[in-house]
Amino acid sequence: MTSSGTSTAVSRRALGTVLAAEAVSVAGNRIALIAIPWFVLETTGDPARAGLSGVAYFVPVVLAGLFGGPLVDRMGFIRSSVHADLASGMTVAAIPVLYMLGHLPFWLLLVLTFAGSMLDVPGTTARRSLVPNLAEAGGMRLERAMSAHETVMRVAQLTGGLLGGVLVAALGPILVLYMDAASFLASALLVGLTEPFPTSR
């Protein structure tokens, strides 16, 4: 295979890897959106606090959009994706760990929830920004690549929500939060340990 053909194949594999990471990360976000309020309701018995934890997950999405783009540009797409997923995974894992240690006041849970959601936006922005370069390097039409990205996101949102409800009901929110943290680690590994991305950064 020529060097051009090798580069094209690598780029296409890299694009598939980015889409897989996006699916895992987006599904993880949806699972967290279900598991965290459920965890609060189960551990406090207070529906108002459970609702407030859901609000703490949604509000940062709007705020992060104001500075997520410049941050991603400064750090680079790959680093932003990996760091965002690792940070999100740590904030999610910290919730059950601190609870089991007896050191999780409600205000701290809100801070962790807020921070985890805030960090998701740069990661999603970074993975989306990788798609055009990888599509071009892989000889794929941009419209097709972006359509694939949007389809992956929508399917992951739907399946993540359904899976989150089923898993929490079957296993309980604490175990699901650990599993969710592991999903963010998987997304980070997919992007960080794959073959080098031509024309990406």
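All of these numbers come straight from a predicted model, not from anything done at the bench. (Residues numbered from 1 in each chain as written. Predicted model: local features only at pLDDT ≥ 70, side-chain atom pairs only at ≥ 80, totals over all residues. Heavy atoms only, no water.)

## So, the side chain of Ser53
Phase 1: Among the secondary structure elements, Ser53 is positioned in helix H2 (residues 47-75).
Phase 2: Note on Ser53: relative accessible area 1%, which makes it buried.
Phase 3: Leaving out residues up to four positions away in the same chain, Ser53 has contacts with Ile36, Pro37, Val40, Leu109, Leu110 and Thr113. (Helix = DSSP H or I, 4+ residues; strand = E, 2+ residues; numbered from the N terminus. Buried < 20%, exposed > 50% of the residue type's maximum accessible area, 1.4 Å probe, protein only. Contact = heavy atoms within 4.5 Å.)

## Describing the packing of helix H3 (residues 77-101) against helix H4 (residues 106-137)
Phase 1: Following both chains from N to C, one finds H3 and H4 inclined at 155 degrees, their axes separated by 8 Å at the closest point. Classified by the angle between their axes, H3 and H4 sit roughly antiparallel to one another. The hand of the H3/H4 crossing is left-handed.
Phase 2: In the contact of H3 with H4, the residues fall into 15 nonpolar, nine polar and three charged. (Axes fitted to C-alpha atoms, helices over the stretch in contact; angles between N-to-C directions. Parallel < 35°, antiparallel > 145°, perpendicular 65-115°, else oblique. Left-handed = near helix turned anticlockwise from the far one by under 90°. Nonpolar A, V, L, I, M, F, W, Y, C, P; charged D, E, K, R; others polar.)

## Some details on the nonpolar core
Phase 1: Formed by 25 residues in total, the largest nonpolar core has its most connected members in Ile36, Phe39, Ile95, Leu104, Leu109 and Leu177.
Phase 2: The set of elements that each furnish at least two residues to this core consists of helix H1 (3-44), H2, H3, H4, helix H5 (142-171) and helix H6 (173-192).
Phase 3: The element contributing the most residues to this core is H1, with seven residues.
Phase 4: Setting aside its immediate chain neighbours within four residues, Leu177 contacts Ala35, Ile36, Phe39, Val92, Ile95 and Pro96.
Phase 5: In this structure, Leu19, Ala126, Leu130 and Met146 belong to the second largest nonpolar core, which totals 13 residues. (Core = buried A, V, L, I, M, F, W, Y, C linked by side-chain atoms within 4.5 Å.)

## Some details on H5
Phase 1: Between its terminal C-alpha atoms H5 stretches 41 Å, which fits the 44 Å expected from 30 residues at 1.5 Å a residue.
Phase 2: Of the positions making up H5, those classed as buried are Ala145, Met146, His149, Met153, Ala156, Gly160, Gly164, Leu167 and Val168.
Phase 3: Gly172 occupies a position one or two residues after H5 and carries a positive phi of about 95 degrees. (Expected span 1.5 Å × (residues − 1).)

## Focus: a nonpolar patch on the surface
Phase 1: Together, Val97, Tyr99, Met100, Leu101, Leu171, Leu175, Tyr178 and Met179 give the surface a local cluster of nonpolar side chains, amounting to about 720 Å² of exposed area.
Phase 2: Secondary-structure elements contributing two or more residues to the nonpolar patch are H3 and H6.
Phase 3: Here the nonpolar patch takes four residues from H3, the largest share from any one element.
Phase 4: By the secondary structure assignment, Tyr178 is in helix H6.
Phase 5: Take Tyr178: its relative accessible area is 31%, and that puts it in the partly exposed class. (Patch = residues over 30% accessible without salt bridge, like charges linked within 9 Å, V, L, I, M, F, W, Y side chains within 5 Å. Areas by Shrake-Rupley, 256 points an atom, 1.4 Å probe, with all protein chains shown as cover. Salt bridge = Lys/Arg side-chain N within 4 Å of Asp/Glu carboxyl O.)

## A short note on the environment of Gly165
Phase 1: On the secondary structure map, Gly165 appears in helix H5.
Phase 2: Each C-alpha atom, one on Gly165 and one on Trp38, is 9.5 Å from the other, the two residues being 127 residues apart in sequence.
Phase 3: Apart from residues no more than four positions distant in its own chain, Gly165 is found in contact with Ile34 and Trp38.

## What about the pattern of salt bridges?
Phase 1: Tallying each qualifying case throughout the model produces four salt bridges.
Phase 2: Between Arg127 and Asp85 there is a salt bridge whose closest N-O contact spans 3.1 Å. Of this pair, Arg127 sits in helix H4 while Asp85 sits in helix H3; the two residues are 42 residues apart in sequence, bridging distant segments of the chain.
Phase 3: Between Glu143 and Arg141 there is a salt bridge whose closest N-O contact spans 3.8 Å.
Phase 4: Owing to a relative accessible area of 54%, Glu143 belongs among the exposed residues under this scheme.
Phase 5: Beyond isolated ion pairs, a larger network of salt bridges with shared partners links Glu22, Asp85 and Arg127.

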